[in-house]
Amino acid sequence: QHIAGALRLPPAKPYGFEGMQLVPRAGMLDALQLLSGVLGMEFLINFTMPCLRHKNSDKVQLARLIGQLHYSATTAGCSDAAKELRKIHINMLKSGDELQQINGIKSLPDFTRHDSTAVALHIEHCCRILVDILCTDPAAQNQHKMPDSTRLHLLESFVCVVPSFVRQLDEDILQNEVGVSGGAALTHQIQHPKTLQGIDNSRISLSLHDSVCRLLEAATQARQDKWLAGGGRPPETALPAIPAAPDRDEIMSSGLSGNKEVKTKRTLEERYVDAALAVVRMCHGARHKHKTPAQVKHIARSMGAWRVMIGCKFIHRALASSLAALSCQVTAEITPGHWEPAPDEAQEVLQRILEECTDKPADLSYDEKGKLCDWSWTQQIEGGAQAVKLHCQLPIILTAIAPDWKGRLFWMHAMQASYNGYLAERRVELADGTWKISEDGSHVEIPGAKKPFQCAAAIVDPLSLAYQLPAALRLFHEAGLLWAEALVLFKCMSEDDKADVRWMVSHAIHCYPQLFESDCAPVLCDTFERLLRDDDLDVAEGVHKHYMAFVSSLAKVDDDRGRLLAAMFLDQGLWERRLHFAVFQSDQLYDYIACGLVGNAREEAGDAIKLLLRHSCTTVRKNAAVTVVRLLPRDMMNSRLVLVPEDEALLGALVLMSSGTCRERQTFVWACEAAMNENSDVMTLYFKAPLEDLVKRKLKPVSRSLTHDMAHNILYRLQTGDECKSPESQVDHTTIGMTGGNTRIAANRLPQRGAQATLDPDFQVFL
């Protein structure tokens, strides 16, 4: 019925469609587009494409839907139809009709939904056409000059679709010690234009990259010309109207991650910045330490577009607020204790934005602490979310800039002033008297400032500052500067009323012992124990997750306190508050025994391991079984080592599981798999006979599923001699991945095709 409503069928052949002349009707393309995505290839070839070729088809509607039709054709496997649609799209961009060209540009994101070489070449062709139309002198091609308003409209329509060109994978979002190591992602603070579609950046050619940069530069310059012609007023655009930004207090109440319920359209300046960040994302390998010559050219070309934008004043505030996002895109290989700054071209752009696009007073010195706090706090209160993004994300920005930059010292003290704003909100006075709290605690007074600051109103974003506190401390530590109030700041954040702030501190707790002096160890220990028992279990989770990492770091600066906390690790009361806390305990059991901080760790850990081997959580049992194998000595057959009683007890517990319940048998098979990968002597001496008995045992079909398949596979490898025979062929225990029921196995230990082996007759029956 839907098809009959959308098409006018000839009366001679009411039920067939071969050789029919389909006549388009109003609204037909919408129905065809929806049906093409559902009915597939045959419908596309016999209904959709003939209607698109008809001379009476709606050209405007076709321009609006052509990208979606192309996606339907590519997913249905209609390569000829997709090729024809790309040709129609090229003709739209060359038509000279403004509406057709606008719709053709807006359909580009639908084309990039399908990642392929053909689509990448098509996007490159489209960009070259737009460059010829919009960036080339019309007199040189004997063409009529396009009106400035039309040209600007086309250029800004293109700017809005650039972020969807390139796919941004999850690993492109930096997760390291710049913020919370192993905890939060940068999306908590930085609003990346993340897309779930787009072309893989490995397909981006230098020609396509250059065309996008040229169009972005032309759009920026055209908008700047119109902005200057209008007397420097806020830009007006032919794009859809953009509502006002949300109230600043509403944003600050939940940090720069923003209240997710507050959804506002991005301003025109922010769309320009989004496009510029997408241009940087096209530089595949921009964050790699070792870059190829092509990658260096991509980066240099991207920075050229940013330099053009720096010269346009209408976008300065948006550029300043995007510094953190740009820094994350170009910073390479950040690891705890070491980082690689951005390439030289990118550092120059970052430095110019800090110097030219911010409201930094020329006469303000970094050693004037009071004036610097007054300027920083006023900027964040009056400048809105854009100013907050700049001042509260300075640790990420300065991480991307080399330490020898002459302007670095000022911005490090500006970063310190933002953290001081958090202390002022908490009504904490400094010993040097930089500010005073009024007697009623309602406001903060800075000597020489024009007006006091209200304590009840938000001055800075605490969530963003807590997220980047490890990076801020590292910057001062690397520069050899003293940050007197750093410990007070850390303590206040760990006691903050907002659980999100405490969450940020707890998930980075293992970073702080290396960043504070040894005399700060008592405060670190108190904070650790308080967060460990925090009422909010999400906060406590961070400490549980990094328990032994914190203890190992603390022991380097205070051995006694490190031993005291290590002795608490096996307290089961700490790990029973939430079910998956036991996963963290099982992950760290080996580290607890190997750290050497507890004298009788092997004996005490034995009972805990036996308990975890029978835990209700699958991952916990798997981790405990792997831990047992890792604890056993290697090369036992050649060295004739004698196992200590603790090891014999653990092995006995695992062997008994081979004849236990379905859950216990599963745990035993995981231990066999770990032994095959790490310690073949354990497999041969202790696990082989129980595993053979398990395979031969007759069980109900419901009990013979995955566990018995794994047992068959392990025994087959053992029977065919596919096992570890030398220390060189053993896999390092740090590379064994036991998550999700799979184990990564070295390729040289997989069964070879055509290999002949003599198998036990009973085993052949079960195979």
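Residues numbered from 1 in each chain as written. Predicted model: local features only at pLDDT ≥ 70, side-chain atom pairs only at ≥ 80, totals over all residues. Heavy atoms only, no water.

### Some words on the overall build of the protein
Summing up its helical and strand segments, the protein has 38 helices and five strands in all. Taking all contacts inside the protein whose residues are at least 6 apart in sequence as the whole, residues at least 24 apart take part in 73%. As displayed, the protein has an accessible area near 34500 Å², and 51% of this comes from carbon and sulfur atoms. (Helix = DSSP H or I, 4+ residues; strand = E, 2+ residues; numbered from the N terminus. Contact = heavy atoms within 4.5 Å. Areas by Shrake-Rupley, 256 points an atom, 1.4 Å probe, with all protein chains shown as cover.)

### A word on the sheet that holds strand β3 (residues 436–437)
Ordered in space as β3-β4-β5, the three strands form an open sheet in which the pairing is antiparallel. The open sheet is flanked by β3 and β5 (453–454), the only strands paired with a single partner. (Pairing = 2+ DSSP bridges.)

### Description of the side chain of Asn-103
Following the sequence through the fold, Asn-103 ends up in helix α6 (residues 98–106). Dropping the residues within four chain positions of it, Asn-103 is found in contact with Val-60, Ala-63 and Arg-64.

### Thoughts on the packing of helix α13 (residues 293–310) against helix α16 (residues 344–356)
The contact between α13 and α16 brings their axes to 10 Å, and the two run at 15°. In terms of orientation, α13 and α16 fall into the roughly parallel class. Seen along the crossing, α13 lies across α16 with a hand that is left-handed. From α13, Met-303, Trp-306, Arg-307 and Ile-310 reach across to α16, where they touch Glu-345, Ala-346, Glu-348, Val-349, Arg-352, Ile-353 and Glu-356. (Axes fitted to C-alpha atoms, helices over the stretch in contact; angles between N-to-C directions. Parallel < 35°, antiparallel > 145°, perpendicular 65-115°, else oblique. Left-handed = near helix turned anticlockwise from the far one by under 90°.)

### Regarding the packing of aromatic side chains
Applying the stated criterion across every chain, the model contains 20 aromatic pairs. Pairing Phe-490 with Phe-516 gives two aromatic rings, centres 5.6 Å apart and planes at 55°, and the pair type is tilted. Of the two residues, Phe-490 is situated in helix α23 (residues 486–494) and Phe-516 in the loop between α24 (499–506) and α25 (521–532); the sequence distance between them amounts to 26 residues. Classification of Phe-516 by relative accessible area gives buried; the value is 10%. (Phe/Tyr/Trp six-rings, centres within 6.5 Å; stacked < 30°, edge-to-face > 60°. Buried < 20%, exposed > 50% of the residue type's maximum accessible area, 1.4 Å probe, protein only.)

### Quick notes on the packing of helix α31 (residues 601–612) against helix α32 (residues 618–631)
Close contact between α31 and α32 brings their axes to 9 Å; oriented N to C, the two are set at 145°. At the point where α31 passes α32, the crossing takes the left-handed sense. Facing α31, whose interface residues are Arg-602, Ile-609 and Leu-612, α32 presents Val-620, Arg-621, Ala-624, Thr-627, Val-628 and Leu-631. Counted by class, the contact of α31 with α32 contains six nonpolar, one polar and two charged residues. (Nonpolar A, V, L, I, M, F, W, Y, C, P; charged D, E, K, R; others polar.)

### So, the pattern of salt bridges
Scanning the entire structure with this criterion turns up 22 salt bridges. Note that Arg-578 is salt-bridged to Glu-541, the shortest N-O span being 3.2 Å. Of this pair, Arg-578 sits in the loop between α29 (572–575) and α30 (581–594) while Glu-541 sits in helix α26 (residues 537–545), and the two are 37 residues apart along the sequence. On the basis of relative accessible area, Arg-578 is assigned to the partly exposed category, the value being 23%. Residue Arg-614 pairs with Glu-664 through a salt bridge whose shortest N-O separation is 3.6 Å. With Arg-614 in the loop between α31 and α32 and Glu-664 in helix α35 (residues 662–678), this residue pair connects regions lying 50 residues apart in the sequence. The exposure class assigned to Arg-614 is partly exposed, which follows from its relative accessible area of 43%. Ionic contacts of the salt-bridge type, sharing partners, join the residues Asp-210, Glu-217 and Arg-301 into one network. (Salt bridge = Lys/Arg side-chain N within 4 Å of Asp/Glu carboxyl O.)

### Concerning unusual backbone geometry
Phi is positive for Arg-427, close to 65°, though the residue is something other than glycine. With respect to the element layout, Arg-427 can be found in the loop between α20 (408–425) and β3.

### Description of the nonpolar core
Counting 223 residues, the largest nonpolar core has Phe-158, Phe-165, Tyr-547 and Phe-687 as its most contacted members. Here the element with the most residues in this core is α20; it accounts for ten residues. What Tyr-547 contacts, discounting residues up to four positions off in sequence, is Phe-528, Leu-532, Leu-565, Met-568, Phe-569, Leu-574, Trp-575 and Gln-588. (Core = buried A, V, L, I, M, F, W, Y, C linked by side-chain atoms within 4.5 Å.)

### Concerning the environment of Ser-36
Residue placement: Ser-36 occurs in helix α2 (residues 28–39). Residue classification places Ser-36 among the buried positions, given a relative accessible area of 1%. Considered as a pair, Ser-36 and Leu-69 are 33 residues apart in the sequence and their alpha carbons are 7.4 Å apart. For Ser-36, the contacting residues outside a window of four places in its chain are Phe-43, Leu-44, Thr-48, Leu-69 and Ser-72.

### Here's the deal with the state of the cysteines
A complete count under the given rule lists zero disulfides for this structure. No disulfide involves Cys-127; its sulfur sits 6.8 Å from that of Cys-126, the nearest cysteine. (Disulfide = S-S within 2.5 Å.)

### Describing the confidence of the model for the protein
In this model, the protein carries a mean pLDDT of 77, and residues with pLDDT of at least 70 account for 76%. Predicted confidence is poor over residues 169–196, with pLDDT under 50, and the contacts of this stretch with residues over four places away or in other chains come to 81 contacts. Every residue in residues 236–263 scores below 50 in pLDDT, and together they form 55 contacts with partners more than four places removed in sequence or on other chains. (pLDDT = per-residue confidence, 0-100.)

### Considerations on α20
An ideal rise of 1.5 Å per residue puts 26 Å on 18 residues; α20 measures up with 26 Å between its terminal C-alpha atoms. With respect to burial, α20 is a largely interior element, 17 of its 18 residues being buried. Arg-427 occupies a position one or two residues after α20 and carries a positive phi of about 65°. (Expected span 1.5 Å × (residues − 1).)

### Considerations on α31
A rise of 1.5 Å per residue sets the reference length of α31, with its twelve residues, at 16 Å; its end C-alpha atoms lie 16 Å apart and thus fit the reference within 8%. Within α31 the residues assigned to the buried category are Ala-601, Ala-605, Gly-606, Ala-608, Ile-609 and Leu-612. Where α31 is buried, its residues touch α29, α30, α32 and α34 (645–657).

### Structural notes on the environment of His-510
Relative to the assigned elements, His-510 resides in the loop between α24 and α25. Owing to a relative accessible area of 13%, His-510 belongs among the buried residues under this scheme. Spatially, the C-alpha atoms of His-510 and Val-543 are 8.2 Å apart, while their sequence positions differ by 33 residues.

### Comments concerning the environment of Glu-124
Note on placement: Glu-124 falls in helix α8 (residues 117–134). Residues Glu-124 and Ile-204, 80 residues apart in the sequence, show an inter-C-alpha distance of 8.6 Å.

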